[in-house]
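Structural description and commentary
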Amino acid sequence: MNDISQLNSMKAMMAALTSGAPSATQEVMYCNPDGTPAGKYPARKLLQDMANAGGGYGTCSTTAATAAKVVTIDNFILIKYGVIFVYFTSAINVADATLNVSSTGAKPIKIMGAALQPKVVKARTIVQLVYDGTNWNIVNIFGLETSSSPSDLYVDMGLPSGLLWAKKNIDITQADGFAASEHQYECTFFSWGNVDGHNPISTSAFDYNWGTGNDGPYASTPGAALTGHISPSFDAARVNLDAPWRMPTTEEFAELFANIKYIDANGDEVDTTQADKRVTVNDVKGLYLESTVNANRLFFPCSGRGSGQSWDGRGSRGYYWSSSLHSATNGRHLGFGSGGVSPQDGHSRCHGFAVRPVQ
């Protein structure tokens, strides 16, 4: 009996069973491949297993640059012409990608029989696939939007990881949790590992004392007890904005700055020989970055930091936390000023820095 006739037989059996609701004790006979009786099967369990045969839904969290994609679907049975839906949290940015569904083996991913090109499947999409006996063939791709106007929130810089960067810093005083403009210094500042943020009450002061060392007010905060990288429950972006937003890692800062050039307000490249890459855009000083992949742009204002009870460095320096630990006393961050740009610098965890979310 071939795959199609087996599937048709199963469908016919299901139709017969569902024509009259099986009782809790009803059983059906099943046979060996040669037709000899093999035993009895609970009817209700059979209906459930047949409904799951070859189909289902799962989430693939494999990174964009990894070719071997993996997904788990409950009660999955691999059959020819089975249809599944997979939510990809990251893009597929490599050629020759494969999909292994519930440990049934890595099968090539095709798109209607043709080779799947990198970046056709983007992050946060649901993909419908059909198994042809050899390959998983994509027959539909459904994009998911994080808001009614996603382009107002993030920028796709064409990065190898598929990561999306928020256009603006976090500002918990705003209804959507983001600063009112890309080109402003005002935002919410956080010490490393803490989700309670503070905004300045004036151009020179905070209504909060950050201290100047980790043994000050920071010592009694939840973040001070962290001994590893920031987890979701201590992530200022995840807690204040909800998933999929989160803080970037230090490696993600490095990836961003490896794929950009510095530009000025006119879009001209800043002199590569000078250390100071800051420019002024709409009367706000900061770093203006243009992707070398797709020419999309991001602006990081010189928002300064919270130090003691002052707003230090406003208009001259930028400090942006990552979620990565540097040492027992320091967290990794992006720092920039007149002396240059350091995407993976270390700094005392007590200070209040801006947070630029990613997803």
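Here we come to the overall build of the protein. Helix and strand content of the protein: four helices and 21 strands. In the protein, the share of contacts with a sequence separation of at least 24, taken over all contacts with a separation of at least 6, comes to 60%. Approximately 16,500 Å² of the protein is accessible, and the part contributed by carbon and sulfur atoms is 50%.

A few words on the pattern of salt bridges. Enumeration according to the criterion identifies six salt bridges in this entry. For Glu290, the salt bridge is made with Lys261, and the minimal N-O distance between the two is 3.5 Å. With Glu290 in strand E15 (residues 284–291) and Lys261 in strand E13 (residues 260–262), this residue pair connects regions lying 29 residues apart in the sequence. Residue Lys261 is classed as partly exposed on the basis of its relative accessible area of 28%. Put simply, Arg297 and Glu290 hold a salt bridge, and the shortest N to O gap is 2.9 Å. The class of Glu290 is buried, set by a relative accessible area of 9%. Connected through shared salt-bridge partners, Lys261, Glu290 and Arg297 make up one network.

Right, let's get into the sheet that holds strand E19 (residues 318–325). Strand order across the open sheet formed by three strands is E19-E20-E21, with antiparallel pairing between neighbours. The open sheet has two free edges, formed respectively by E19 and strand E21 (340–348), since each of these has just one partner strand. Pairs of neighbouring strands in the sheet enclose a mean axial angle of 30°, with direction left out of account. Relative to strand E20 (residues 330–337), E19 runs antiparallel, the two being bridged by five bridges. Following the sheet pairing, Tyr319 is matched in E20 by Gly335.

Attention shifts here to the nonpolar core. Core analysis: the biggest nonpolar cluster contains 33 residues, and Trp165, Leu256, Phe257, Leu289 and Phe300 have the highest contact counts within it. Broken down by secondary-structure element, the contributors of at least two residues to this core are helix H4 (250–257), E13, strand E14 (279–281), E15, strand E16 (297–301) and E20. Discounting residues that sit within four places of it in the chain, Leu289 has contacts with Met157, Leu256, Phe257, Ile260, Lys261, Tyr262, Asn296, Arg297, Leu298 and Phe300. Of all hydrophobic cores here, the second largest spans 21 residues; its members include Phe190, Ile230, Met247 and Cys350.

Moving on, we get to empty space enclosed by the protein. Scanning all chains against the criterion turns up one cavity of 30 Å³ or more. Of the pockets and cavities examined, the largest cavity occupies roughly 30 Å³. As for the largest cavity, its lining consists of Lys167, Lys168, Asn169, Ala179, Ser181, Glu182, Gln184, Glu186, Cys187, Pro301 and Arg356.

We now examine H4. Counting buried positions along H4 yields six of eight residues, so the element is predominantly enclosed. Along H4, the positions that sit buried rather than exposed are Thr250, Glu252, Phe253, Glu255, Leu256 and Phe257.

Turning our attention to the side chain of Thr221. Among the structural elements, Thr221 can be located in the loop between strand E12 (164–166) and helix H3 (236–241). Here Thr221 falls in the buried class, since its relative accessible area comes to 16%. A distance of 2.7 Å separates the side chain of Thr221 from the backbone oxygen of Tyr218, its partner in a polar contact. Not counting the four nearest positions on each side in its chain, Thr221 is found in contact with Asn194 and Tyr208.

Looking now at the side chain of Asn259. Topologically, Asn259 is positioned in the loop between H4 and E13. Taking relative accessible area as the criterion, Asn259 reaches 16% and is therefore assigned buried. A distance of 2.8 Å separates a polar atom in the side chain of Asn259 from the backbone oxygen of Glu255. With sequence-adjacent residues up to four places away left out, Asn259 is seen in contact with Leu159, Pro160, Glu290, Ser291, Thr292 and Val293.

Attention now goes to the environment of Ser322. Looking at the element boundaries, Ser322 is found in strand E19. Classification of Ser322 by relative accessible area gives buried; the value is 0%. In this structure the C-alpha to C-alpha distance between Ser322 and Glu252, which are 70 residues apart in sequence, comes to 8.7 Å. Residue contacts for Ser322: discarding those within four places in its chain leaves Trp192, Ile230, Met247, Pro248, Thr249, Thr250, Phe253, Arg332 and His333. Polar side-chain contacts of Ser322 include one of 3.1 Å to the backbone nitrogen of Ser324.

As a further point, take a nonpolar patch on the surface. A grouping of Tyr57, Val83, Phe85 and Phe142 is seen on the molecular surface, where their side chains present a nonpolar patch of about 330 Å² in accessible area. By the secondary structure assignment, Tyr57 is in strand E3 (residues 56–60).

As a further point, take the pairing of E15. Of all eight residues making up E15, seven are buried, and the element is well covered by its neighbours. The sheet contact formed by E13 and E15 spans three bridges and is antiparallel. Paired with Tyr262 across the strands is Leu289, a residue of E15. Alignment of E14 against E15, held across three bridges, turns out to be antiparallel. Bridge pairing in E15 places Val281 opposite Val284. Linking E14 back to E15 in an antiparallel pair, the connection comprises two residues, with Asn282 at a positive phi of about 50°.

Rules used throughout
- Residues numbered from 1 in each chain as written.
- Predicted model: local features only at pLDDT ≥ 70, side-chain atom pairs only at ≥ 80, totals over all residues.
- Heavy atoms only, no water.
- Helix = DSSP H or I, 4+ residues; strand = E, 2+ residues; numbered from the N terminus.
- Contact = heavy atoms within 4.5 Å.
- Areas by Shrake-Rupley, 256 points an atom, 1.4 Å probe, with all protein chains shown as cover.
- Salt bridge = Lys/Arg side-chain N within 4 Å of Asp/Glu carboxyl O.
- Buried < 20%, exposed > 50% of the residue type's maximum accessible area, 1.4 Å probe, protein only.
- Pairing = 2+ DSSP bridges.
- Axes fitted to C-alpha atoms, helices over the stretch in contact; angles between N-to-C directions.
- Core = buried A, V, L, I, M, F, W, Y, C linked by side-chain atoms within 4.5 Å.
- 1 Å grid on protein atoms, 1.4 Å probe; cavity = no way out; pocket = protein on both sides within 12 Å on 5 of 7 lines; lining within 4 Å.
- Points joined across faces, edges and corners; volume = space filled by probe spheres on them.
- Polar contact = N/O pair within 3.5 Å; in protein donor to acceptor, adjacent residues only side chain to side chain.
- Patch = residues over 30% accessible without salt bridge, like charges linked within 9 Å, V, L, I, M, F, W, Y side chains within 5 Å.

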